[in-house]
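# Fold and geometry: a report
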Number of protein chains: 2
Amino acid sequence: MNYLEEKIQREGEIRPGNILKIDHFLNHQIDIDVMRHIAEDFKQRFSDVPVSKILTVEASGIAIGVMLGHYLDVPVVFAKKSETLNSTDEKYVSKAFSFTHKKENHIFVSKPYLQASDNLLIIDDFLADGEAVHALIDISHQAGATVSGIGIAVEKGNQKGGRELRAEGYRLESLAIIDYMDYESKVIRFRE
Amino acid sequence: MNYLEEKIQREGEIRPGNILKIDHFLNHQIDIDVMRHIAEDFKQRFSDVPVSKILTVEASGIAIGVMLGHYLDVPVVFAKKSETLNSTDEKYVSKAFSFTHKKENHIFVSKPYLQASDNLLIIDDFLADGEAVHALIDISHQAGATVSGIGIAVEKGNQKGGRELRAEGYRLESLAIIDYMDYESKVIRFRE
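Residues numbered from 1 in each chain as written. Chains lettered and ligands numbered in written order. Predicted model: local features only at pLDDT ≥ 70, side-chain atom pairs only at ≥ 80, totals over all residues. Heavy atoms only, no water.

## Things to note about the packing of aromatic side chains
Under the counting rule described, the total for this entry stands at two aromatic pairs over all chains. With centroids separated by 6.2 Å and ring planes inclined at 35°, the aromatic side chains of B:Phe42 and B:Phe46 adopt a geometry described as tilted. Of the residues examined, B:Phe46 reaches a relative accessible area of 4% and is grouped as buried. Above the plane of the ring of A:Phe25 lies A:Lys7, whose end atom (NZ or CZ) is 5.4 Å from the centre. (Phe/Tyr/Trp six-rings, centres within 6.5 Å; stacked < 30°, edge-to-face > 60°. Buried < 20%, exposed > 50% of the residue type's maximum accessible area, 1.4 Å probe, protein only. Lys NZ or Arg CZ within 6 Å of the ring centre and 35° of its normal.)

## Some words on the pairing of strand β4 (residues 53–57) of chain B
All names here are of chain B. The buried fraction of β4 is high, at five of five residues. The alternating pattern of β4 places Lys 53, Leu 55 and Val 57 on one face and Ile 54 and Thr 56 on the opposite face, and all of these are buried. Of the pairings in the sheet, the one linking β4 to strand β8 (residues 119–127) comprises three bridges and is parallel in character. Note on β8: the bridge partner recorded for Lys 53 is Leu 120. Where β4 meets strand β5 (residues 76–79), four bridges bridge the pair, whose relative direction is parallel. If you follow Thr 56 over to β5, its bridge partner there is Phe 78. Crossover connection from β4 via helix α3 (residues 61–72) to parallel β5: handedness right-handed. (Helix = DSSP H or I, 4+ residues; strand = E, 2+ residues; numbered from the N terminus. Pairing = 2+ DSSP bridges. Right-handed = clockwise from strand over helix to strand, strands pointing away.)

## Observations concerning the pattern of salt bridges
If you walk through the whole model with that rule in mind, you get 32 salt bridges over all chains. In this structure, A:Arg45 and A:Asp41 form a salt bridge, with 2.9 Å as the shortest nitrogen-oxygen distance. Taken together, the residues span about one helical turn, with A:Arg45 and A:Asp41 both in helix α2 (residues 32–45) at a distance of four residues. Relative accessible area serves as the criterion here: at 24%, A:Arg45 is assigned to the partly exposed category. We note a salt bridge from B:Arg45 to B:Glu173, for which the minimum N-O separation is 2.9 Å. Placement of B:Arg45 in helix α2 (residues 32–45) and of B:Glu173 in strand β10 (residues 172–181) is noted, with a sequence separation of 128 residues between them. Residues joined in a network through salt bridges with shared partners are A:Asp41, A:Arg45, A:Asp48, A:Arg171 and A:Glu173. (Salt bridge = Lys/Arg side-chain N within 4 Å of Asp/Glu carboxyl O.)

Printed below as a string of structure tokens:
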């Protein structure tokens, strides 16, 4: 098991409804040492592909995105979930259903921040049905940019997102793939 | 002028309605070098106070929070703006009106992530009327924690937030305080 899998095995809480609660180190309280390990791991796994920019989505993707941006020395763009009054830029827009919030979001990226020449590394904390990642891919393609890879901290291997993205030919690297977890027995099994 | 002031002077766009648009390096596209400078500056300015944890609010506070967490080697907690299904923890709740989105938000922090023994450094990208920071202070006090300091990247010096926080006795460090900016003439003046 790698660092993240061990951390999940040791500290993750399984909740009813196929929910893994690891918000004490990943997406509410952020353990900086975990972030460094995640960034280091992605840096190594994607060392063979060109990356000009990291693309993620607010809010929890930003933490991993920024740490990885620091390690790779590239800018980070995060898609927003609501329009702000501060920007009148034209925007790329896509739709994503949020599993966590049980609602459909539009996500936006201002056009000036993605170029056709960009090689994008798409980053997110969780991958389940792949709604957010597919929206980020859609936005990347609207910009004419290349998706060099997709880096996910925790993939729910029993949901369709990862399977679909691999079938579509994307270079997907998930640091921990949970193939099975059970609330009653507290068992978590990772893909080898 | 410091690094951030120079960056704002050189690249900031003034928009009608007292809006400074710097989302190409601070809060939509994130310039990693700017983040490193901001984190380094906060680290130095707060080197005399105890910091056990950084407290910020999603989304754009996370970028600065995580980089500073890396520099200070402390965890980062970010307050959330909406409930998620993943957490059944009890929460500290406070209200903040968002200038950017023109609506009132409740912000939440799960109780396990703030302790009475914590010395919190509150971080945010912008300070205008101080709504978000006051909500974070309220949450810190609900937890019985100590607010060691407040670090802001860009303060709108002509809005009340900074004045009130200083009058209340908080150790507030703003890296760039804009006392005057004018859409017509494109002039930006920083506090000395």
